[in-house]
Amino acid sequence: MNKFVFRQAIENGYRHFDTAFHYQNEAAVGRAINDAIKEKKLNRSDFFVTSKLADHHKEAGTPTKMIDHQLEQLGLEYIDLYLIHSPWSLVPTDDLLSMTKKTDENGKLLMMDVAPTETWR
């Protein structure tokens, strides 16, 4: 995704950005925010950034890894609001950064049972 779309949004007064692993927009949003901070003398606190935990990143220990990855993509020190993107959990692939989903022989997504309390822990 192109950072210039987000830079134009900032020029137009946008200060809340909604990102997610699945949207693949974190790097572009982060670059636009960081550029605006440097060029426009805005502060990080002028922006509100939301991101989300993907449906195949719910097992214990994985959310922390993904938050770290997403912060790195954003180039920011914190995310203002972090949500679980969906109430269901999918079986993760071997590569957590893959957008590919595991399916059965009929192409049906493979689900797994992960309690939200395990995810948040």
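Notes on the structure in this doc start here. Predicted, not measured: the structure shown is a model, and the values here were computed from it.

## Focus: helix α1 (residues 3–11)
Here's step 1: Within the sequence span of α1, burial applies to Phe6, Ala9 and Ile10. In an axial view of α1, the angular spread of the buried residues amounts to 100°, which keeps them on one side of the axis. α1 presents Phe4 and Val5 as exposed residues on the side facing more than 90 degrees away from its buried surface.
Here's step 2: Where α1 is buried, its residues meet β1 (16–18) and α2 (26–40).

## Focus: unusual backbone geometry
Glycine aside, the phi torsion of most residues is negative, and most peptide linkages are trans.
Here's step 1: Phi is positive for glutamine 24, which is not a glycine, with a value near 55°.
Here's step 2: As for its placement among the helices and strands, glutamine 24 is situated in the loop between β1 and α2.
Here's step 3: Although it is not a glycine, lysine 41 sits at a positive phi angle of roughly 60°.
Here's step 4: Turning to its location among the elements, lysine 41 is positioned in the loop between α2 and β2 (48–53).

## Quick notes on the nonpolar core
Here's step 1: Counting residues in each nonpolar core, the largest one holds 21 residues, and the members touching the most others are Phe6, Ile10, Phe17, Val29, Ile33, Phe47 and Leu74.
Here's step 2: For this core, the elements supplying multiple residues, two or more each, are α1, α2, β2 and α3 (62–74).
Here's step 3: Sort the elements by how many residues they give to this core and α2 lands first, with five residues.
Here's step 4: When neighbours within four sequence positions are excluded, valine 29 is seen to be in contact with Phe6, Phe17, Thr19 and Leu74.

## Thoughts on α2
Owing to its 3.6 residues per turn, the α-helix brings residues three or four apart onto one side.
Here's step 1: Over its 15 residues, α2 runs 20 Å from end to end, which matches the ideal 21 Å to within 8%, given 1.5 Å per residue.
Here's step 2: Within α2, burial applies to Glu26, Ala28, Val29, Gly30, Ala32, Ile33, Asp35 and Ala36.
Here's step 3: Those residues of α2 that are buried are in contact with α1, β1, β2 and α3.
Here's step 4: Residue lysine 41 follows α2 closely and has a positive phi angle near 60°.

## A look at empty space enclosed by the protein
Leftover empty space is mapped by rolling, across the atoms, a probe with the size of a water molecule.
Here's step 1: Within this structure, the stated rule accounts for one cavity of 30 Å³ or more.
Here's step 2: Surrounding the largest cavity, Arg7, Ile10, Glu11, Ala32, Asp35, Ala36, Glu39 and Lys40 form its lining.
Here's step 3: For the lining of the largest cavity, the elements supplying multiple residues, two or more each, are α1 and α2.
Here's step 4: No other element matches the five residues that α2 contributes to the lining of the largest cavity.
Here's step 5: Here the residues of the lining of the largest cavity are counted per class, giving three nonpolar, no polar and five charged.

About the thresholds
Residues numbered from 1 in each chain as written. Predicted model: local features only at pLDDT ≥ 70, side-chain atom pairs only at ≥ 80, totals over all residues. Heavy atoms only, no water. Buried < 20%, exposed > 50% of the residue type's maximum accessible area, 1.4 Å probe, protein only. Helix = DSSP H or I, 4+ residues; strand = E, 2+ residues; numbered from the N terminus. Arc of directions from axis to C-beta. Contact = heavy atoms within 4.5 Å. Core = buried A, V, L, I, M, F, W, Y, C linked by side-chain atoms within 4.5 Å. Expected span 1.5 Å × (residues − 1). 1 Å grid on protein atoms, 1.4 Å probe; cavity = no way out; pocket = protein on both sides within 12 Å on 5 of 7 lines; lining within 4 Å. Points joined across faces, edges and corners; volume = space filled by probe spheres on them. Nonpolar A, V, L, I, M, F, W, Y, C, P; charged D, E, K, R; others polar.

Nothing here speaks to function; it is all geometry.
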